[in-house]
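Reading the structure
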Amino acid sequence: MKRSHTKSQFVAVASIAAELSAVMDVAKEISLAAANAKAIAFRAGEKAKGFQPITDFINELAKDTIQLVNAINEHALSLYQLTVDEYRMTEANERFEFAAHLAKGAKYESSLYPVHQQVQQRMQICLSQFNVHIAQLLDQLAEVMHPARAARVIAANSRIEASQAGEYLQSLQAVAESVDNAAQVIHDNVQRCRSALSFINFVD
Amino acid sequence: MTTCSAAEAHYHLLILLTNKGVVSLMKMTKIYEGTHEWIMYGRDEHKPQNIIDTNQYIVRTPNRCLILEPGGIELFAPMLAAVLHHAPVEEITDLFASHQDPDIISSLGLWDQALPKAKLHAPAIWEGFLRHFGCETIEYVPIPDNGGTIRLETVELQIIPAHYLHSSANFHIYDPKAKILMSGDVGAALEQPGAPVFVDNFEAHVEKMRYFHQRWMPSNQAKRNWIERVRELDIDILAPQHGRMFKGEDVRRFLDWFEGLQVGIAV
Ligand SMILES: [Fe+2]
Ligand SMILES: [Fe+2]
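Residues numbered from 1 in each chain as written. Chains lettered and ligands numbered in written order. Predicted model: local features only at pLDDT ≥ 70, side-chain atom pairs only at ≥ 80, totals over all residues. Heavy atoms only, no water.

The next thing to look at is the overall build of chain B. Secondary structure assignment for chain B yields seven helices and 14 strands. Across the 267 residues in chain B, those meeting the buried criterion constitute 60%. Here chain B has roughly 10900 Å² of accessible surface; of this, 51% comes from carbon and sulfur atoms. (Helix = DSSP H or I, 4+ residues; strand = E, 2+ residues; numbered from the N terminus. Buried < 20%, exposed > 50% of the residue type's maximum accessible area, 1.4 Å probe, protein only. Areas by Shrake-Rupley, 256 points an atom, 1.4 Å probe, with all protein chains shown as cover.)

Take a look at the structure:
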């Protein structure tokens, strides 16, 4: 692996953290929209009867998303640590390789072999751990896509229900709109995370 | 390399082909040979430009090896390769850092990978800072303000306080048997690549040291305290971390010159 590759990992891992914090904000927005919708539906009474379970559902989705993003954030943090370790080990390995090269012909040249080998092994361990974590993170990101997709379906349902809510039509439609938008944003952000990750997901 | 007597140290070039096809030169000079050896490594021509040239030293006993001022991260590979001419990796048991500067010890994280059982002797109050370079397997042996000793088999080296010269916690290494004082940044000069390793014309050498000492050394009081302490020692070679070493009469000349120099000129 080239060092420039490791440098791009830092950027990728950092950009994932940024995307995730945006996802978190949006999930909180959905949660707020759900609370709003609940209040409106309550006031609308019979007219928005079909809307009430939907608001609960939206709220659940927001909660799920927040929980998942929290878990992913933790994971991203350990991924960052791994990136640091891996960067260090790769760098160390390069230096040892250079030392081994320079030491050719030195009286105690061979004493470097086991040390160099250990450094190589440590680097390999770092690399494989890194790959395992990336794979896990990709799975988690795929999971976040589920509530986002579900939210879009619900938003469509909400629009239908809203159309029967008489004078509450507009405000409920606005709720449906904001859930739909939010779900779209989450979807896009997570998609960007995944492509950033797949960019650094390498096989050594 | 051939063996030299302490009095007339010869220097030799280790010529190596790097992976870029560049010739790398690390000069190795035996400056003492007796029950143990002192070797000076310097003038690394592989080092990238804009990096200050440094001298590294080792003290070699039959089964152990101490590296004094191991150097910056860029120097790690050439330094390790050079030491392998005198000691196998597993016998490099000790490192010494006079203070916290990157040109002294930013290679620590790499030595930490190479020498899991080694000890780093360094100022106690710099520990929390030096660990930023990476020190997970190497044991940090904190040197208290009043100094101490480092024992290598039968050799006992004295750790001489040199605080504020230039770092707040700073030590030098004195070997009473070899009569060598490794003086860190004290006695440092900025030299052209390829300069000889010993001062041969003190008067001419002064100009290469003056600004460095005036600007880097902060305290006249600390300077006087150190000179007093060092005048008590019997020194054949004063061995700084940059530039040439001082031998014989030049050691006394240096102390006299330094005594008369006003330092801390930036304020
Ligand atoms: Fe320094
Ligand atoms: Fe220095």
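The next point concerns helix α7 (residues 249-260) of chain B. Residues and elements named next belong to chain B. The end-to-end C-alpha separation of α7 is 17 Å, in line with the 16 Å expected for 12 residues at 1.5 Å each. Residues of α7 that are buried: D250, V251, F254, L255, W257 and F258. The buried residues of α7 all sit within an arc of 165 degrees when viewed along its axis, so they share a single face. As for α7, its buried residues are in contact with α5 (202-216), α6 (220-231), β13 (237-239) and β14 (246-247). (Expected span 1.5 Å × (residues − 1). Arc of directions from axis to C-beta. Contact = heavy atoms within 4.5 Å.)

Our next topic: the coordination of the iron ion (ligand 2). Residue and element names in this part refer to chain B. Within the protein, the atoms that donate to the iron ion (ligand 2) are D103 (OD), D185 (OD), Q241 (OE1) and H242 (NE2), at distances of 2.2 to 2.3 Å. Each of the four donor atoms around the iron ion (ligand 2) contributes to a set of angles spanning 80 to 169 degrees, which defines the coordination as irregular. Each donor residue of the iron ion (ligand 2) lies on one chain, and together they are spaced D-x81-D-x55-Q-H. Between the iron ion (ligand 2) and the iron ion (ligand 1) the interatomic distance comes to 3.5 Å, and D185 is a ligand of both metals. Taken as a pair, D103 in helix α2 (residues 102-105) and Q241 in the loop between β13 and β14 lie far apart in primary sequence, 138 residues in all. Of the two residues, D103 and Q241, both sit in the buried class. (Donors = N, O, S within 2.8 Å, 3.2 Å for Na, K, Ca; no water. Tetrahedral: all angles 85-135°; square planar, octahedral: opposite > 155°, others 65-115°.)

Residues and elements named next belong to chain B. Protein-derived coordination of the iron ion (ligand 1) comes from H99 (NE2), D101 (OD), H166 (NE2) and D185 (OD), at a distance range of 2.0 to 2.2 Å. Considering all four donor atoms around the iron ion (ligand 1), the spread of angles at the metal, 86 to 168 degrees, places the coordination shape in the irregular class. Sequence spacing of the donor residues for the iron ion (ligand 1), all on one chain, is H-x1-D-x64-H-x18-D.

This part takes up the confidence of the model for chain A. Residues at a pLDDT of 70 or more form 94% of chain A, whose mean pLDDT is 83. When mean pLDDT is taken per element in chain A, helix α3 (residues 112-162) of chain A scores highest with 87 and helix α1 (residues 3-44) of chain A scores lowest with 78. (pLDDT = per-residue confidence, 0-100.)

The next point concerns the interface of chain B and chain A. Taken together, the 26 residues of chain B in the interface contact 21 residues of chain A. Here chain B is connected to chain A by one salt bridge. Here R95 of chain A makes a salt bridge to E74 of chain B, at a shortest N to O gap of 3.3 Å. Along the contact surface separating chain B from chain A lie five residue pairs in polar contact (both at pLDDT 80 or more). Of all the secondary-structure elements, those providing two or more residues to the side of chain B that touches chain A are β1 (11-17), α1 (76-83) and α3 (108-114) of chain B. Across the side of chain B that touches chain A, the residue classes tally to 14 nonpolar, eight polar and four charged. (Salt bridge = Lys/Arg side-chain N within 4 Å of Asp/Glu carboxyl O. Polar contact = N/O pair within 3.5 Å; in protein donor to acceptor, adjacent residues only side chain to side chain. Nonpolar A, V, L, I, M, F, W, Y, C, P; charged D, E, K, R; others polar.)

It is worth spelling out the pattern of salt bridges at this point. All names here are of chain B. In total, this model carries 25 salt bridges over all chains according to the counting rule given. Salt-bridge contacts for R64 lead to D94; the nearest nitrogen and oxygen are separated by 2.7 Å. Taken together, the positions of R64 in the loop between β4 (56-60) and β5 (65-68) and D94 in strand β6 (residues 92-96) put the pair 30 residues apart, joining distant regions of the chain. Judged by relative accessible area, which is 1%, D94 ranks as buried. Among the charged side chains, a salt-bridge network with shared partners connects R231, E249, R252, D256 and E259.

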